[in-house]
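# Descriptive structure summary
Here's the letter readout for the chains.
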Amino acid sequence: MPTGNGFPALFYEDDDGPRTTCPGCHNFICPEDDFCMTCGAPLRETTCPSCGYHVRPGAKFCTKCGKDLLEKK
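Please read these numbers as outputs of a predicted model, since none were measured by experiment.

## Here's the deal with the overall build of the protein chain
- For the protein chain, the helix and strand inventory stands at zero helices and two strands.
- Scored against the burial criterion, the 73 residues of the protein chain give a buried share of 16%.
- Expressed as a percentage of contacts within the protein chain between residues at least 6 apart in sequence, the contacts between residues at least 24 apart total 8%.
- For the protein chain, the accessible area works out to roughly 5700 Å², and carbon and sulfur atoms hold 55% of it.

## Some details on the environment of G58
- Along the chain, G58 falls in the segment after β2 (54–55).
- Taking the C-alpha atoms as reference, G58 lies 5.0 Å from G24; in sequence the two are 34 residues apart.
- Aside from chain neighbours lying at most four places away, what touches G58 is P23, G24, A41 and P42.

## Considering the layout of surface pockets
- Within this model, the largest pocket holds a volume of roughly 200 Å³.
- Lining the largest pocket are eleven residues, with P49, D68, L69, L70 and E71 sitting closest to its centre.

## What to know about the environment of I29
- Examined against the element boundaries, I29 turns out to sit in the segment before β1 (46–47).
- When the C-alpha atoms of I29 and L43 are compared, they prove to be 9.0 Å apart, with 14 residues separating the residues in sequence.

## Brief notes about the nonpolar core
- If you look at the biggest cluster of nonpolar residues, it comprises five residues: C22, I29, C36, A41 and L43.
- Beyond its immediate stretch of four places on either side in the chain, L43 contacts C22, P23, I29, D33, D34, F35, C36 and P57.

## A short note on the pattern of salt bridges
- Inspection of every chain in the model, using the stated rule, returns one salt bridge.
- The salt bridge partner of R44 is D34, with a shortest N-O separation of 3.0 Å. In this pair, R44 sits in the segment before β1 while D34 sits in the segment before β1, placing the two residues ten residues apart along the sequence.

## Here's the deal with the state of the cysteines
- The final tally for this structure, using the stated rule, is zero disulfides.
- C48 forms no disulfide, and the closest cysteine sulfur to it belongs to C65, at a distance of 3.7 Å.
- Overall, the relative accessible area of 3% leaves C48 in the buried class.

## Some remarks on the environment of Y53
- For Y53, the location among the structural elements is in the loop between β1 and β2.
- Residue Y53 is classed as partly exposed on the basis of its relative accessible area, which comes to 37%.
- Note: C-alpha distance between Y53 and T63 (ten residues apart in sequence) is 8.2 Å.
- Other than its neighbours up to four places away in sequence, Y53 contacts T46, T47, C48, C62, T63 and K64.

About the criteria used
- Residues numbered from 1 in each chain as written.
- Predicted model: local features only at pLDDT ≥ 70, side-chain atom pairs only at ≥ 80, totals over all residues.
- Heavy atoms only, no water.
- Helix = DSSP H or I, 4+ residues; strand = E, 2+ residues; numbered from the N terminus.
- Buried < 20%, exposed > 50% of the residue type's maximum accessible area, 1.4 Å probe, protein only.
- Contact = heavy atoms within 4.5 Å.
- Areas by Shrake-Rupley, 256 points an atom, 1.4 Å probe, with all protein chains shown as cover.
- 1 Å grid on protein atoms, 1.4 Å probe; cavity = no way out; pocket = protein on both sides within 12 Å on 5 of 7 lines; lining within 4 Å.
- Points joined across faces, edges and corners; volume = space filled by probe spheres on them.
- Core = buried A, V, L, I, M, F, W, Y, C linked by side-chain atoms within 4.5 Å.
- Salt bridge = Lys/Arg side-chain N within 4 Å of Asp/Glu carboxyl O.
- Disulfide = S-S within 2.5 Å.

Listed below in structure tokens is the structure:
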């Protein structure tokens, strides 16, 4: 499978299997991880702490209210 640089891809995401890379930063993850250890992106569906909307894995902001989901406390 070629990539944008003309070289064959070393691996690819299988939509039927567990992800091997973070949808936020594309670094490697383990299938059992709940959050990316590199960027902190959630790897499972979560709910926004502000409005309660269901947020897809890898989202850094809520798509309903715009809340920063990676905000430091």
